[in-house]
Amino acid sequence: MIEIRHLSKTFLSPEGETKALRDVSLSIQTGDIFGIIGMSGAGKSTLVRCINRLEKPSEGQVLMDGVDLARLSQEELRKKRREITMIFQGFNLLMQRSCLKNVCFPLELTGESSAAARQRSLELLDLVGLADKAQSFPAQLSGGQQQRVAIARALATEPKVLLCDEATSALDPLTTHSILSLIRDINEKLGITVIIITHQMSVVESICRHVAILDQGRVAEQGDVSEIFARPASAAARRLVFPEGEAESSVIATDDRHFIRVVFHGAKATATPLIAQMALEKGIMANIAYASTRSLADKMFGSMLLSFPEQDQARRAMAYMTQIPDVIAEEVNRHV
């Protein structure tokens, strides 16, 4: 378990102080996939660097399995860091080394024998689906393959925690999906705690179980992904979950009708669109005032703003939608 208690980080420069983190407290359970999300400058990368002590917090504590990392000697901290490994947006592979030797590298640093390091590295390359690329060099691989090598290297020291700092930001959507699926499989097979640092809500909703939303160095909201996606309470969460908010507001302000917002969080896609299905089954005719949805495999994510000429129709539609699994519907007040 990782506990972050009242963590703050202030950077000093000739221009003055920059408060990157402000009184951050989080608990991340062993074996969880935990997302930390926020806009650029929210403090995400500073937080992850404090977790593995690449940055020294100005205040507060980071505890791993009850051990305060600040109280460890340099030698003890080096050993503990073997349990907390990291993958990055830029992969950070050694370009002059083969894939096999890249994965061997951290084992060489720990004094592992060449034979043992080679055997372990071959097993890990097989785990990430690149057994046939052992002798290839990073420049010969695609971005997704390079990230798979980086994941194999991060697993070499048998860590307890895998930190992913914008690890899919440089990848196309299809490759991102395959990398996230790999990380999920590793979490399930090896029981490694995974912390995902990202600015992409699609990453959080597709892999994370819990999430914390950072805003200007503070935790704006945290909890189950499904709950926060369905009912974001903070302004920061609403901006991330409903980035179309300004467009919604302009529609509501100029249309004297009754509105509901329908949120899809993994609802099973059907051959008949839900709005058409509602009209056929219940005779409720809805106008789609705004929509921002996408399908992932056979599931739907995103939100939709529906309008109705009468409030009774809106409430009947809301009752119909909420009976569908993984769909949340709420009334929207046009005067807010």
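Structure first, text after, so check above.
Residues numbered from 1 in each chain as written. Predicted model: local features only at pLDDT ≥ 70, side-chain atom pairs only at ≥ 80, totals over all residues. Heavy atoms only, no water.

A.B. asks: When you look at the nonpolar core in this model, what are you seeing that I'm missing?
C.D. replies: Across soluble globular proteins, nonpolar side chains show a tendency to be buried alongside one another. With 50 residues, the main nonpolar core has I87, L125, I151, C164 and I183 as its most contacted residues. Counting residues in hydrophobic clusters, the runner-up holds 27 residues, among them V24, I36, C50 and I84. (Core = buried A, V, L, I, M, F, W, Y, C linked by side-chain atoms within 4.5 Å. Buried < 20%, exposed > 50% of the residue type's maximum accessible area, 1.4 Å probe, protein only.)

A.B. asks: What should I look at first to understand the sheet that holds strand 8 (residues 193-198) in this one?
C.D. replies: For sheets, the rule is that strands pair by backbone hydrogen bonds, running either parallel or antiparallel. Spatially, 6-7-8-3-9-10 is the arrangement adopted by the six strands of the open sheet, whose pairing is mixed. Looking at strand neighbours, the two that pair on one side only are strand 6 (84-88) and strand 10 (218-224), the edges of this open sheet. Looking at each pair of strands side by side, their axes are set apart by 15 degrees on average, direction ignored. Relative to strand 6, helix 5 (residues 143-154) is tilted by about 170 degrees, and along the sheet it contacts strand 6 and strand 7 (161-165). (Pairing = 2+ DSSP bridges. Helix = DSSP H or I, 4+ residues; strand = E, 2+ residues; numbered from the N terminus. Axes fitted to C-alpha atoms, helices over the stretch in contact; angles between N-to-C directions. Contact = heavy atoms within 4.5 Å.)

A.B. asks: Teacher, can you tell me more about the sheet that holds strand 5 (residues 67-68) here?
C.D. replies: Taken together, the four strands give an open sheet; going across it, the order is 2-1-4-5, and neighbouring strands pair in antiparallel fashion. Strand pairing shows two members of the sheet lacking a second neighbour, strand 2 (16-28) and strand 5, which therefore form its edges. With five bridges joining them, strand 1 (residues 2-13) and strand 4 (residues 59-64) adopt antiparallel strand pairing. Pairing of E3 across the sheet is with L63, part of strand 4.

A.B. asks: I tried to follow the packing of aromatic side chains on my own but got confused; where do I start?
C.D. replies: Geometry of an aromatic ring pair is reported as the spacing of the ring centres plus the angle between the planes. This model, assessed by the stated rule, comprises zero aromatic pairs. Seen from the ring of F11, K9 lies directly overhead, with NZ or CZ sitting 5.1 Å from the centre. (Phe/Tyr/Trp six-rings, centres within 6.5 Å; stacked < 30°, edge-to-face > 60°. Lys NZ or Arg CZ within 6 Å of the ring centre and 35° of its normal.)

A.B. asks: Before we go on, may I ask you to explain helix 11 (residues 274-282) in this structure?
C.D. replies: An α-helix turns once every 3.6 residues. As a result, residues three or four positions apart point the same way. For helix 11, every residue scored as buried is listed here: L274, I275 and M278. The buried residues of helix 11 occupy an angular sector of 105 degrees when projected down its axis, which confines them to one face. Positive backbone phi, at 70 degrees, marks G283, one or two positions downstream of helix 11. (Arc of directions from axis to C-beta.)

A.B. asks: How should I be thinking about the environment of L93 in this particular structure?
C.D. replies: Assignment of secondary structure puts L93 in the loop between strand 6 and helix 3 (99-109). L93 gets classed as buried once you look at its relative accessible area, which sits at 11%. Sequence spacing of L93 and R153 is 60 residues, and the spatial spacing of their C-alpha atoms is 9.1 Å. Residues in contact with L93, not counting those within four places in the same chain, are N102, P138, Q146, V149, A150 and R153.

A.B. asks: Whenever I open this one, the packing of helix 3 against helix 4 (residues 114-127) confuses me. Can you help?
C.D. replies: Working note: a packed helix pair is described by the angle between its axes plus the distance between those axes. Between helix 3 and helix 4, whose axes approach to 9 Å, the crossing angle comes to 120 degrees. On the basis of their axis angle, the class for helix 3 and helix 4 is oblique. Note that helix 3 runs across helix 4; the crossing there is right-handed. For the pair helix 3 and helix 4, contact is made by C99, L100, V103, C104 and L107 and by A117, R118, R120, S121, L122, L124 and L125, respectively. Classifying every residue of the contact of helix 3 with helix 4 by side-chain character gives nine nonpolar, one polar and two charged. (Parallel < 35°, antiparallel > 145°, perpendicular 65-115°, else oblique. Left-handed = near helix turned anticlockwise from the far one by under 90°. Nonpolar A, V, L, I, M, F, W, Y, C, P; charged D, E, K, R; others polar.)

A.B. asks: Please explain the pattern of salt bridges as it appears in this structure.
C.D. replies: When the charged atoms of two side chains with opposite charge come close together, those side chains can pair. For the structure on display, the rule yields 13 salt bridges. Across the pair K160 and D65 runs a salt bridge whose closest N-O atoms are separated by 3.5 Å. Of the two residues, K160 sits in the loop between helix 5 and strand 7 while D65 sits in the loop between strand 4 and strand 5, which places them 95 residues apart along the sequence. Exposure remark for K160: the relative accessible area of 41% places this residue in the partly exposed category. The residue K80 makes a salt bridge to E83 at a minimum N-O spacing of 3.3 Å. Owing to a relative accessible area of 14%, K80 belongs among the buried residues under this scheme. Salt bridges sharing common partners tie together D65, K80, E83 and K160. (Salt bridge = Lys/Arg side-chain N within 4 Å of Asp/Glu carboxyl O.)

A.B. asks: Can you help me understand the state of the cysteines in this one?
C.D. replies: What makes a disulfide is a covalent bond joining the sulfur atoms belonging to two cysteines. Under the criterion given, the structure shown has zero disulfides. Looking at C164, it has no disulfide partner, and the nearest cysteine sulfur is the one in C208, 9.0 Å off. For C164, a relative accessible area of 1% corresponds to the buried category. (Disulfide = S-S within 2.5 Å.)

A.B. asks: In this structure, what is going on with the packing of helix 5 against helix 6 (residues 173-190)? I would like to understand it.
C.D. replies: Contact geometry for helix 5 and helix 6: axes closest at 10 Å, N-to-C directions at 20 degrees. Considering their axes alone, helix 5 and helix 6 lie roughly parallel with respect to each other. Relative to helix 6, helix 5 is oriented so that their crossing is right-handed. Every residue of helix 6 that contacts helix 5 at G144, Q147, R148 and I151 is listed here: T175, S178, I179, L182, I183 and I186.

Nothing here speaks to function; it is geometry throughout.
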